[in-house]
Amino acid sequence: MRSVVLLGATGSIGQQTLDVIRANLDEFSVELLSVHSRVEELLLLVEEFTPRGVVVGDGIQAALVRSRFPGLDVGVGAQGLAEAAGAFPGALVVNALLGAAGVVPTLRALASGCDVALANKETLVCAGDLVRAASESSGAAVIPVDSEHSALLQCLKGALPEQVERLVLTASGGPFRTFTQEQMKTVTVSDALRHPTWRMGAKISVDSATLMNKGLEVIEAHQLYGTPYDRIAIIVHPQSVIHSMVEFVDGSLLAQLGSPDMRVPIAYAMFGGHRRAQSGLRRLRLEDLKELSFEGPDYERFPALGIAYECGRVGGTAPAVMNAANEVAVAAFLEGRLNFLGILDVVRRVVDRVPGVATPDLDAILAKDAEARRTATGMIRDRGLS
Ligand code: NAD
Ligand code: MG
């Protein structure tokens with residue numbers, strides 16, 4: 001029986017993680033669940049999974065939970081998350097949080113020796129060097145949940161580093177893959193949320209439309225596998241059947257294929273890289289596939305890619321600044337305060353304006369994250385809806 005701490009239980013990845021746990025109740029027990037706002041759903045989950053503790057977003061939610069479940073340990077906010085992440089030695093921490101809020105809990109979990117099944121790619125973008133150091137010093141593992149990185153992990157099994165030529169990340173291309181810059185000027189929030197192949201939370205859906213999601217994933221891959229940026233490639237593959245590939249020095253490519261369903265990489269991570277049969281998953285039927293197509297990414301229509309490679313190569317706090325600006329800009333787009341093309345315009349200008357720190361500690365990263373958020377917020381307020 002493996003204890004599980006699930007951070008971000010009501011999100012898209014959180015709910016699918018709970019599906020995997022429901023299907024394997026003799027293997028996993030839930031010690032802690034966190035939510036940010038959906039406290040009514042949390043109450044139902046507490047009844048179902050009987051965790052020892054929960055973390056909620058604020059004091060009002062905490063009072064509600066305490067009144068219903070007097071014996072339950074209730075933490076609050078960022079501090080509650082950080083404490084909870086390291087409070088259950090030996091537990092598997094599933095980090096399904098959104099954005100840079102995932103950084104500190106990941107580091108706390110690793111420092112306490114807990115393995116982390118990491119969906120929260122922003123952790124690796126903002127603080128990948130610290131994550132690697134924490135994992136090396138405690139021996140706790142970081143296991144990727146992101147489908148591309150799970151695919152890479154599977155393709156890299158047994159490979160010697162010197163045999164690997166390139167990592168090839170596949171991208172669906174998002175809902176605007178074929179749009180001109182002119183067409184992208186007028187797209188709406190609901191257009192951006194209509195992802196062609198995956199159902200996901202709102203922020204990552206917008207990131208998939210700008211291709212910033214792929215940019216974040218390039219940095220994530222660099223941090224997970226230590227591969228230099230000039231050996232991480234992106235290929236647009238609209239069917240999302242190949243989840244990523246590794247190209248070897250002899251010219252062979254290994255790919256991992258499957259139906260687009262996050263429960264597969266979630267379970268792979270939760271079972272520590274072991275394959276388990278799961279019921280209820282749609283199998284990939286090759287005879288039903290009409291085609292698998294590929295095209296190179298367009299760096300002009302999707303400037304997020306170039307910015308992400310650039311910030312990744314600069315290193316230090318540059319990726320954290322890019323990520324924070326993107327989080328603020330995407331939130332403004334979702335709230336109707338910024339148009340679609342404004343997202344990358346804001347990110348570009350924040351990256352250019354906020355000076356970096358070359359070898360930051362956690363405090364320096366968090367300070368730059370805050371500075372980038374303030375700068376982006378000011379820019380969006382000043383520019384209006386343009
Ligand atoms: P989501 O918006 O559906 O859920 C996010 C969860 O985090 C919710 O439980 C929310 O309550 C919590 N949360 C949000 N802001 C918070 C804050 N400031 N403090 C504490 N908790 C907070 O998002 P999602 O789509 O499940 O994505 C979660 C992470 O997984 C992201 O990093 C995303 O990039 C990554 N990811 C998601 C998918 C997917 O299919 N959804 C695939 C690959 C990777
Ligand atoms: Mg992905």
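Please refer to the structure higher up on the page.
Residues numbered from 1 in each chain as written. Chains lettered and ligands numbered in written order. Predicted model: local features only at pLDDT ≥ 70, side-chain atom pairs only at ≥ 80, totals over all residues. Heavy atoms only, no water.

So, about the sheet that holds strand β3 (residues 53–56). Note on sheets: strands pair through backbone hydrogen bonds, and any given pair is parallel or antiparallel. Strand order in this open sheet of seven strands is β4-β3-β2-β1-β5-β6-β7, and the pairing throughout is parallel. Unpaired on one side and paired on the other, β4 (73–76) and β7 (142–144) mark the two borders of the sheet. Each strand axis lies, on average, 25° off the axis of its neighbour in the sheet, ignoring direction. Two strands pair when backbone bridges link them, and strand β6 (residues 116–118) and β7 are joined in this way by three bridges, in the parallel orientation. (Pairing = 2+ DSSP bridges. Helix = DSSP H or I, 4+ residues; strand = E, 2+ residues; numbered from the N terminus. Axes fitted to C-alpha atoms, helices over the stretch in contact; angles between N-to-C directions.)

Moving on, we come to the sheet that holds strand β10 (residues 242–248). In space, the four strands of this open sheet follow the order β9-β8-β10-β11, with mixed pairing throughout. With partners counted over all chains shown, the strands left at the sheet margins are β9 (232–236) and β11 (253–257), one partner each. Looking at each pair of strands side by side, their axes are set apart by 20° on average, direction ignored. The pairing of β10 with β11 spans five bridges and is classified as antiparallel.

Let us look at the site of ligand 1. Around ligand 1 there are 21 residues in total, and S12, I13, H36, E122 and G201 lie nearest to it. Within the backbone of G8, one N or O atom sits 3.4 Å away from an oxygen atom of ligand 1. Protein coverage of the free-state accessible area of ligand 1, which is 830 Å², stands at 86%. Those elements that place two or more of their residues in the shell around ligand 1 are α1 (12–22) and α6 (121–138). The residue makeup of the shell around ligand 1, split by class, is eleven nonpolar, seven polar and three charged. (Near = heavy atom within 4 Å. Polar contact = N/O pair within 3.5 Å; in protein donor to acceptor, adjacent residues only side chain to side chain. Areas by Shrake-Rupley, 256 points an atom, 1.4 Å probe, with all protein chains shown as cover. Nonpolar A, V, L, I, M, F, W, Y, C, P; charged D, E, K, R; others polar.)

Looking now at unusual backbone geometry. A positive phi angle, close to 70°, is found at L211, a residue other than glycine. The residue L211 is located in the loop between α10 (202–210) and α11 (212–225) in this model.

Before going further, it helps to spend a moment on helix α15 (residues 340–353). Because the α-helix completes a turn every 3.6 residues, residues three or four places apart line up on one side. Spanning 14 residues, α15 covers 21 Å between terminal C-alpha atoms, matching the ideal 20 Å at 1.5 Å per step. Those residues of α15 lying buried are F340, G342, I343, L344, V346, V347, V350 and V351. On its buried face, α15 is in contact with α8 (181–184), α10, α11, α13 (304–314), α14 (318–334) and α16 (362–383). (Expected span 1.5 Å × (residues − 1). Buried < 20%, exposed > 50% of the residue type's maximum accessible area, 1.4 Å probe, protein only. Contact = heavy atoms within 4.5 Å.)

We now examine the packing of aromatic side chains. Aromatic ring pairs: the centre-centre distance and the angle between the two ring planes describe each pair. Following the criterion strictly, the structure yields five aromatic pairs and no others. Between F176 and F179, the aromatic rings sit 4.9 Å apart at their centres with planes inclined by 45°, giving tilted as the arrangement. Here Y229 and Y309 contribute two aromatic rings whose centre-to-centre distance is 6.4 Å and whose plane-to-plane angle is 75°, an arrangement assigned as edge-to-face. Residue Y229 is found in the loop between α11 and β9, and its partner Y309 is found in helix α13; the two are separated by 80 residues along the sequence. (Phe/Tyr/Trp six-rings, centres within 6.5 Å; stacked < 30°, edge-to-face > 60°.)

Turning our attention to the nonpolar core. The biggest cluster of nonpolar side chains holds 55 residues, and the ones touching the most others in it are M322, I343 and V350. If you look at the next biggest cluster of nonpolar residues, it comprises 38 residues, including F28, V30, F69 and M262. (Core = buried A, V, L, I, M, F, W, Y, C linked by side-chain atoms within 4.5 Å.)

Right, let's get into the pattern of salt bridges. Using the criterion set out here, one finds 30 salt bridges in the structure. Between K121 and D146 there is a salt bridge whose closest N-O contact spans 2.9 Å. Residue K121 is located in helix α6, and its partner D146 is located in the loop between β7 and α7 (147–156); the two are separated by 25 residues in the primary sequence. D146 matches K121 in its accessibility class, with the two residues each being buried. By sharing partners, the salt bridges in this structure join K121, D146, E148, K214 and E217 into a single network. (Salt bridge = Lys/Arg side-chain N within 4 Å of Asp/Glu carboxyl O.)

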